[in-house]
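# Commentary on secondary and tertiary structure
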Amino acid sequence: MTRPLLPTLAYVLLLALAVAPASQAQSQNQDANAPILVEADRLDLDDRAGTAVYTGNVDIRQGSMRLTGNRVEIRRNAAGELSLATATGERAYLEQQPDPTEPVVKGWGRTVIYHVAERRVELIDRAELHQGGDTFEGGYLEYFLDRRVVQARADAEGVEGNQRIRMTLQPEQQ
């Protein structure tokens, strides 16, 4: 027996932006329970493969989370849980406020990959990350949302040429 398409689509979308289990920050729980708003020109859903591909000025929002790009692909694992969200475009974008007391984290790249279980974001090619007043730029940036760890490289797979790392760190306020 096959599952109905619309409930499956809603489930995929819910998982796509559900950002944390109940033990994590309150804003993350609010994100997971917030309504999901999706805008795109086209949707191709493959229920058996566990993929949903949105194309054409895609804008997905849920709570403090926002993911945009020319194309966004969402993948589920065998258990039906979201495992990966990949946005591509000239300036694909991801933002989230990991904690109500922290500033919004904003990231750009030609490719933005959100690894849901790890709460890890990869920003690839013309990558840029803003966390409070601190900024990081380069060919490849990897950001761990919970640990607030940034790893940067000038070149990596998918990066055109060598894009040197640049960062601006604001002094701590006393």
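Each value, and the rule that gives it
Residues numbered from 1 in each chain as written. Predicted model: local features only at pLDDT ≥ 70, side-chain atom pairs only at ≥ 80, totals over all residues. Heavy atoms only, no water. Helix = DSSP H or I, 4+ residues; strand = E, 2+ residues; numbered from the N terminus. Polar contact = N/O pair within 3.5 Å; in protein donor to acceptor, adjacent residues only side chain to side chain. Contact = heavy atoms within 4.5 Å. Phe/Tyr/Trp six-rings, centres within 6.5 Å; stacked < 30°, edge-to-face > 60°. Buried < 20%, exposed > 50% of the residue type's maximum accessible area, 1.4 Å probe, protein only. Lys NZ or Arg CZ within 6 Å of the ring centre and 35° of its normal. Core = buried A, V, L, I, M, F, W, Y, C linked by side-chain atoms within 4.5 Å. 1 Å grid on protein atoms, 1.4 Å probe; cavity = no way out; pocket = protein on both sides within 12 Å on 5 of 7 lines; lining within 4 Å. Points joined across faces, edges and corners; volume = space filled by probe spheres on them. Pairing = 2+ DSSP bridges.

### Side note on the side chain of His115
Mapped onto the fold, His115 is located in strand β6 (residues 105–115). A distance of 2.5 Å separates the side chain of His115 from the side chain of Glu122, its partner in a polar contact. Look past the residues within four positions of His115 in its chain and what remains in contact with it is Ser83, Leu84, Arg120 and Glu122.

### Regarding the packing of aromatic side chains
The final tally for this structure, using the stated rule, is one aromatic pair. Ring centres of Tyr93 and Trp108 lie 5.1 Å apart, and the angle between their planes is 40°; on these two criteria the pair is classed as tilted. Of the two residues, Tyr93 is situated in strand β5 (residues 82–96) and Trp108 in strand β6; the sequence distance between them amounts to 15 residues. Neither Tyr93 nor Trp108 differs from the other in exposure class; each is buried. Across from the ring centre of Phe144, 4.3 Å away, lies the NZ or CZ of Arg147, which sits over that ring.

### A word on the nonpolar core
Counting residues in hydrophobic clusters, the biggest one holds 25 residues, and the most contacted among them are Leu67, Val72, Val112, Tyr114, Val121, Leu123 and Leu129. Put simply, the parts of the chain that give this core at least two residues each are β3 (51–62), β4 (65–76), β5, β6, β7 (120–131) and β8 (134–144). For this core, the element with the most residues is β5, which contributes five residues. Excluding its chain neighbours within four sequence positions, the residues that come into contact with Leu129 are Val105, Lys106, Gly107, Leu123, Asp134, Thr135, Phe136, Leu141, Tyr143 and Val150.

### Side note on empty space enclosed by the protein
In total, this model carries one cavity of 30 Å³ or more according to the counting rule given. Here the largest cavity defines a volume of roughly 80 Å³. Forming the walls of the largest cavity are Met65, Leu94, Glu95, Gln96, Val105, Gly107, Tyr114, Val121, Leu123, Leu129, Tyr143 and Leu145. Elements supplying a minimum of two residues to the lining of the largest cavity: β5, β6 and β7.

### Some remarks on the pairing of strand β2 (residues 42–46)
Side-chain direction in a regular strand flips from residue to residue, so the side chains alternate between the two faces of the sheet. Relative to β3, β2 is paired through five bridges, and the arrangement is antiparallel. Its bridge partner lying in β3, Leu43 is registered against Tyr54. Joining the antiparallel neighbours β2 and β3 is a turn of four residues, in which Gly50 adopts a positive phi near 75°.

### Some thoughts on unusual backbone geometry
Positioned with a positive phi, Asn57 is a non-glycine residue whose angle comes to about 50°. Following the sequence through the fold, Asn57 ends up in strand β3. Residue classification places Asn57 among the exposed positions, given a relative accessible area of 63%.

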